[in-house]
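Topology and contacts: notes
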Amino acid sequence: MDWLSNLLTMMPVSGQLELRCHYGAPWRVAYEVSDAGEMPYHVIVGGSAVLDDLDGGPPQHLSAGDILLLPHGGAHVLHDGSGKRANKATDRNGLNFIISENAGTGARLDMLCGRFMLAPPHDRLLLSYLPPRLIVRTAKSSDTAGPAGTGAQLTALMELMRAEAASESLGGQAMLNALSAALFALTLRFSSESGEAPAGLLALAGQPRLAPALRALFLEPARPWTLPELAELCNMSRATIARYFQERLGRSASDLLADIRMTLAANELRTSSASVGAVGEAVGYQSEAAFQRAFKQRMGVTPARWRRGATE
């Protein structure tokens, strides 16, 4: 199993399409901070939009084929870029989602909006390793340097979502939610292949030389990996691989390994009756005391408290 498949097995992500926006300029929509474990997404299937950076950075222009994902669930504003007072939008219930429209007569926007959802502790792990904002531009995938195969798949998936959203057929909501989950996986794959991801796990995955180390950490997390061993797998020096992890991931290889272990342990504590010591040993800890300390440091509670909380 590759590292991304392993990650998504460790932390299943569900998707939900909630809104389809049909706007004519001028228009503007503002989104509040999302609840914990929720990651909003927007798919521009027609027209264009401008994303304001609420932290003071430059605005981002989005075009048809672009996907905006906000892993940290931050507040954000999208608008047509004209600076004019927006026409008021009205919502109506479709068969499977809400349709939002306005009376604007300018350039048209067709946008699908939804959210990805995951439960603790997985939301904490993704908050740590995914950027606050991720923009994927599938239209550029036709360039020779881009991941054309994944870009074509994403484009086809967006077209399928748009067609399914327009048809309002029987079973449409289940279909759209399943397609949303696929959208999450393909978006992460595309971003890691493009080499343009902001610092984090996707930027690390975008460095082909580090692929053996990333695969080793995800596929054999119980093994006591050392930096020299990972460096040897990647045919690079210890100093070089340490620098790559720090520059691309913002954390060390041992930090990533510990978080992978804690995610696996949290899942096992929630779904099995194995003892705490057995769970710790299964994820690579030689003693129950060492596992207890590591789990408490990473998760904020003891393994026993986590297990009780997960079953209450």
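The notes below deal with the structure included here. Everything numeric here is computed off the predicted structure, so don't read it as measured data. (Residues numbered from 1 in each chain as written. Predicted model: local features only at pLDDT ≥ 70, side-chain atom pairs only at ≥ 80, totals over all residues. Heavy atoms only, no water.)

Our focus in this paragraph is the sheet that holds strand β4 (residues 48-52). Pairing is antiparallel across the open sheet formed by four strands, whose spatial order is β2-β7-β4-β5. This sheet does not close on itself; its edge strands, each paired only once, are β2 (28-31) and β5 (60-63). Each strand axis lies, on average, 25° off the axis of its neighbour in the sheet, ignoring direction. Bridge count for β2 against strand β7 (residues 76-79) is four bridges, and the pairing is antiparallel. By the bridge assignment, A30 is partnered in β7 with V77. (Pairing = 2+ DSSP bridges. Helix = DSSP H or I, 4+ residues; strand = E, 2+ residues; numbered from the N terminus. Axes fitted to C-alpha atoms, helices over the stretch in contact; angles between N-to-C directions.)

This brings us to the sheet that holds strand β8 (residues 90-93). Think of a sheet as strands paired side by side through backbone hydrogen bonds, with each pair either parallel or antiparallel. The strand order across the open sheet built from seven strands is β8-β9-β1-β10-β3-β6-β11, with neighbouring strands paired in mixed fashion. Edge positions in the open sheet fall to β8 and β11 (134-137), since each of these has one partner strand only. The average angle at which neighbouring strand axes cross in this sheet is 20°, direction not considered. Strand contacts of helix α4 (residues 172-194): β1 (14-24), β3 (38-46), β6 (66-69), β10 (108-117) and β11, with the helix running at about 90° to β1, the strand carrying the most contacts. (Contact = heavy atoms within 4.5 Å.)

A full pass over the atoms with the stated rule returns one cavity of 30 Å³ or more. Of the pockets and cavities examined, the largest cavity occupies roughly 30 Å³. Forming the walls of the largest cavity are L7, L125, L126, Y129, L201, F218 and L256. With three residues, helix α2 (residues 122-129) is the largest single contributor of residues to the lining of the largest cavity. Among the residues making up the lining of the largest cavity, the classes are represented as seven nonpolar, no polar and no charged. (1 Å grid on protein atoms, 1.4 Å probe; cavity = no way out; pocket = protein on both sides within 12 Å on 5 of 7 lines; lining within 4 Å. Points joined across faces, edges and corners; volume = space filled by probe spheres on them. Nonpolar A, V, L, I, M, F, W, Y, C, P; charged D, E, K, R; others polar.)

Before going further, it helps to examine the pairing of β8. Where β8 lies against strand β9 (residues 98-101), four bridges are found, and the strand directions are antiparallel. Residue pairing in the sheet places N93 in a bridge with I98 of β9.

Of note, R251 is situated in the loop between α8 (238-249) and α9 (253-271). Taking the relative accessible area as the measure of exposure, R251 reaches 29% and is therefore partly exposed. Between the alpha carbons of R251 and C234 there is a distance of 18 Å; along the sequence they are 17 residues apart. At 2.9 Å, the side chain of R251 forms a polar contact with the backbone oxygen of S128. (Buried < 20%, exposed > 50% of the residue type's maximum accessible area, 1.4 Å probe, protein only. Polar contact = N/O pair within 3.5 Å; in protein donor to acceptor, adjacent residues only side chain to side chain.)

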